[in-house]
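# Coordinate analysis (summary)
The residues making up each chain are set out below.
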Amino acid sequence: MDLQTLAAKNPDHWKKAAAIRALTLDAVAAANSGHSGMAMGMADVATVLFEKHLNFDPADPRWPDRDRFILSAGHGSMLIYSLLHLTGYADVTLDQIKNFRQMGAITAGHPEYGHVSGVETTTGPLGQGIANSVGFAMAEEHLRAVYGKKVQDHFTYVIAGDGCLMEGISQEAIALAGRQKLSRLIVLWDDNNITIDGTVDLADRTDQLARFAASGWDVVAIDGHDPDAIDKALTAAKKTDTPSLIACKTHIALGHAAQDTSKGHGALTDMDQLKAAKDAYGWPHGPFEIPADVKSAWEAMGQRGADANAAWKDRFAGLSANKQAQFNRAFAWEAPKKLSATIKAFKKEMVANLPKVATRKASEMVLNAINPIMPETIGGSADLTGSNNTKSGDMTVFDIDNRGGRYVHYGVREHGMAAAMNGMILHGGVRPYGGTFFTFTDYARGSIRLSALMGVPVVYVMTHDSIGVGEDGPTHQPVEHLAMMRATPNSLTIRPADVTETAEAWEVALTTTDKPSVLALTRQGLPALRRDFKSSNMVEKGAYILADADGKRQVILMASGSEVATAMEAREALQAQGIGTRVVSMPCWELFDAQDEAYRKRVLPAGPVRVAVEAGARLGWDKYLCGERGKHNKAAFVGMDGFGASAPAGELFEHFGITGANVAQTAKDLL
């Protein structure tokens, strides 16, 4: 690669791209850590994208009609940090660049949503960014249908690497994007043929262009160091009626001694080699030094978006007051004021009728009340609509000819669904929820974790939550999954016991704005346990006294979900023998832990023996059995200590001892 020829052919472009390469080399060297090569290799592509195509405004980073830029190859984070600093984002100062990867700096090793104003999503786990982008593009299509092109009319651009395309989630994502003809989605593939272990052909022989084409994408291959070719390809991609892949043939760590090698992927910190690379770029400046003319040229790109933003604000002002309010509320993730009254009315009806329904069915009943007053909700399922009960009666299907539809058929793509929902919520203006079987949180886990890490309120509707699945057997019966979800920081795992708790769980999920919620719902019917109307949301407390002891309190039974009814059966048996028994419903540990000690002490006082019952693993329950004023010698657990089996649900609960009689006997044995 003749760098002098490249520089001579497009000198202005070359200097701007060289600024990215120089900042990357300096920041990685200062940190003695990082990934230099991708940023150096894709600097030309990024420069053309930001200069000639991307609509953005550093002075208003959250402008709702901006183009979205996603760095799926998040290890190359110095690419996006350089771009944001150079174009004038106020938070990405030169000091932040100098403190790349250091404690307290916003310039983390991989880009993190919420830390840096110009970072649209947290990337790093490869494949997540490209999968998020599908949700971004779906949200844009939907909102364009709802509010019109004057309000939502933008593109989503992605830079992805070989690793992103190797990850299985990428196929889920590109297949869904191709099926939906998401023409505003453009992926720029950093085709450098290098992974950490060596060249790509060590592990892969996929013809990526053919793969994307087979999934319904427009594809083109270009020289990723030719600014004219990059510009032409982007211009053409914006005119297609399908998503576009632009394969950019690049040299990793361009101009460095490690160019085109796996070493070029990582931290290039040798100072002699760094100087040689800068000399090859014709960059005689010191560490972190950007000449004024180059910086001003970059800042001009950032200022270009101010006019487009101002024009958008004028168009937005032309909407009716109601439309503006709905738009702003949805982008702020605020639930409508009607939600509380709607939930209260629903609870009154349930107390009057006391229906025995599975909580998955209860969830559908709640959605039929909620979705008509929350037009921003977008539901969906990974090919289990009839089982997850996620489609309310008012919803039509989101599709090529019905972008205003609010229900998505994701196909058998649990991980792709979860990642797309992350993209939707991050785009703004919609509140996504999606369903699958609880056991398949295993497949969606990577994206659920990122929902929690980013603090975004995606709602995961996970049905068939225990051995109550029955005949489908242990492959489909969750055992360890409640423990796994509860172990995830900054998330809510809610397992409601009946129709009323299910309504309250939905209210909690839809009024929470800083974390995801996982609703664990039953396949089997459950009795209505809440027989008296309470206007307050008891699930919001995390745990509460469902039934108190008659007489001296000797036993506290704790349970969640379907096993609360089991605890109530045990209480009846114990009370018949004169043993005062309290039942505590514990739908959400995280919310209970957040209550003050006085409340927790009222619910779980010292003294009585404690038995927890849940058709899952014990892991985590000892915090409430032995902690919170409990004692080891006065505590027991009734639940699962292995996998389930294939049989009718009722027989399975008997077989594994998760019955009222066994819970009662376990409590008596402790007295």
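The coordinates are above.
Below you will find a few notes about this structure.

Here is what the cut-offs are and how they apply
- Residues numbered from 1 in each chain as written.
- Predicted model: local features only at pLDDT ≥ 70, side-chain atom pairs only at ≥ 80, totals over all residues.
- Heavy atoms only, no water.
- Pairing = 2+ DSSP bridges.
- Helix = DSSP H or I, 4+ residues; strand = E, 2+ residues; numbered from the N terminus.
- Axes fitted to C-alpha atoms, helices over the stretch in contact; angles between N-to-C directions.
- Contact = heavy atoms within 4.5 Å.
- Buried < 20%, exposed > 50% of the residue type's maximum accessible area, 1.4 Å probe, protein only.
- Polar contact = N/O pair within 3.5 Å; in protein donor to acceptor, adjacent residues only side chain to side chain.
- Left-handed = near helix turned anticlockwise from the far one by under 90°.
- Phe/Tyr/Trp six-rings, centres within 6.5 Å; stacked < 30°, edge-to-face > 60°.
- Lys NZ or Arg CZ within 6 Å of the ring centre and 35° of its normal.

### Regarding the sheet that holds strand E8 (residues 377–381)
Reading across from one edge, E9-E8-E10-E11-E13-E12 is the order of the 6 strands in this open sheet, with parallel pairing throughout. Two strands in the sheet have a free side with no partner beyond their single neighbour: strand E9 (407–409) and strand E12 (492–494). Strand-to-strand twist across the sheet, computed as the mean angle between neighbouring axes with direction ignored, equals 20 degrees. With 5 bridges connecting them, strand E10 (residues 431–437) and strand E11 (residues 459–463) associate as parallel partners. When the sheet's bridge partners are listed, Phe437 is paired in E11 with Thr463. The sheet contacts of helix H16 (residues 359–370) involve E10, E11 and strand E13 (517–521), and relative to E13 the element is tilted by about 125 degrees.

### Some details on the side chain of Ser244
On the secondary structure map, Ser244 appears in strand E7 (residues 244–249). Judged by its relative accessible area of 1%, Ser244 falls in the buried class. Side chain to side chain, Ser244 and Thr240 meet in a polar contact 3.2 Å long. Beyond its immediate chain neighbours, meaning those up to four positions away, Ser244 contacts Leu185, Ile186, Val187, Trp217, Asp218 and Ala237.

### Describing the packing of helix H2 (residues 11–31) against helix H4 (residues 43–52)
The N-to-C vectors of H2 and H4 enclose an angle of 115 degrees; their axes lie 9 Å apart at closest approach. Crossing handedness for the pair H2 and H4: right-handed. Where H2 abuts H4, its residues His13, Lys16, Ala17, Ile20 and Arg21 lie against Ala43, Asp44, Thr47, Val48 and Glu51.

### Observations concerning the packing of aromatic side chains
Using the criterion set out here, one finds 20 aromatic pairs in the structure. Considering the side-chain rings of Tyr147 and Phe327, the 5.1 Å spacing of their centres and the 85 degrees angle between planes classify their relative orientation as edge-to-face. Here Tyr147 is found in helix H7 (residues 128–147), whereas its partner Phe327 is found in helix H14 (residues 321–331), with 180 residues between them in sequence. A relative accessible area of 9% places Tyr147 in the buried class. Since its relative accessible area comes to 1%, Phe327 is described here as buried. Judged by centre distance (6.3 Å) and plane angle (75 degrees), the rings of Trp621 and Tyr624 are edge-to-face. Neither Trp621 nor Tyr624 differs from the other in exposure class; each is buried. Within the aromatic cluster, the residues linked to one another by ring pairs are Tyr147, Trp312, Phe316, Phe327 and Phe331. Over the ring of Tyr281 we find Arg21; its NZ or CZ atom is 5.9 Å from the centre of that ring. A cation over a ring is seen here: Lys541 above Tyr599, with NZ or CZ 5.0 Å from the ring centre.

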